[in-house]
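Breakdown of the fold
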Amino acid sequence: AIIGGGTMGGGIAMCFANVGIPVYLVEVSQEALDAGVARIHALWTATHKKGKMTQEQLAQRKSCLRPTLRYEDLRDVDVVIEAVVENMDLKKRIFKRLDETCKPGTILTSNTSTL
């Protein structure tokens, strides 16, 4: 699962889906979630239009992406990558919520560059 559907989070989610691994993409609002999914779909569609991806591959990748607003959907995931803005208080709140929601043994990681 990826927390944050911006440029980095979306790119990480694409990497999982590109190799057939189902991946939840979590955002804070429907608007942000829709924007993140649209960005991902646009990149995949552009690749398809260039002839570098078949229609079947495009459909398969889209089917692996699981957008959600609900942390509860992450209850049984094995790995979570947090990729939100560089705000330590926000990251702490997210990790607290993940710790309360995810199963024991879930690997919780952060894609942090400046904190």
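Described in the following lines is the structure provided in the data block.

Reading guide: rules and limits
Residues numbered from 1 in each chain as written. Predicted model: local features only at pLDDT ≥ 70, side-chain atom pairs only at ≥ 80, totals over all residues. Heavy atoms only, no water. Pairing = 2+ DSSP bridges. Helix = DSSP H or I, 4+ residues; strand = E, 2+ residues; numbered from the N terminus. Contact = heavy atoms within 4.5 Å. Axes fitted to C-alpha atoms, helices over the stretch in contact; angles between N-to-C directions. Salt bridge = Lys/Arg side-chain N within 4 Å of Asp/Glu carboxyl O. Core = buried A, V, L, I, M, F, W, Y, C linked by side-chain atoms within 4.5 Å. Buried < 20%, exposed > 50% of the residue type's maximum accessible area, 1.4 Å probe, protein only.

1. Digging into the sheet that holds strand β1 (residues 2-3)
Across the sheet, 5 strands lie side by side as β3-β2-β1-β4-β5; this open sheet has parallel pairing. The open sheet has two free edges, formed respectively by β3 (65-68) and β5 (107-110), since each of these has just one partner strand. With 2 bridges joining them, β1 and strand β2 (residues 23-26) adopt parallel strand pairing. Each bridged residue has a counterpart across the sheet, and for I3 the counterpart in β2 is V26. Sitting on the sheet, helix α2 (residues 30-49) touches β2 and β3, and the angle it makes with β3 is about 160°. Packing of helix α3 (residues 55-64) onto the sheet brings it into contact with β2 and β3, and relative to β3 it is tilted by some 35°.

2. Observations concerning the pattern of salt bridges
Within the structure shown, the criterion is met by 5 salt bridges. Put simply, K91 and E86 hold a salt bridge, and the shortest N to O gap is 3.6 Å. One salt-bridge network, held together by shared partners, links E82, E86 and K91.

3. Brief notes about the nonpolar core
If you look at the biggest cluster of nonpolar residues, it comprises 16 residues, and the most contacted ones within it are I2, A13, V23, L25, I40, W44 and L65. Contributions of two or more residues to this core are made by α1 (7-18), β2, α2 and α3. At 4 residues, the largest contribution of residues to this core is made by α1. When residues no more than four places from it in sequence are discounted, the contact partners of L65 are A13, V23, L25, V37, I40, H41 and W44. Listed in part, the 11 residues of the second largest apolar core include Y71, L74, I94 and L98.

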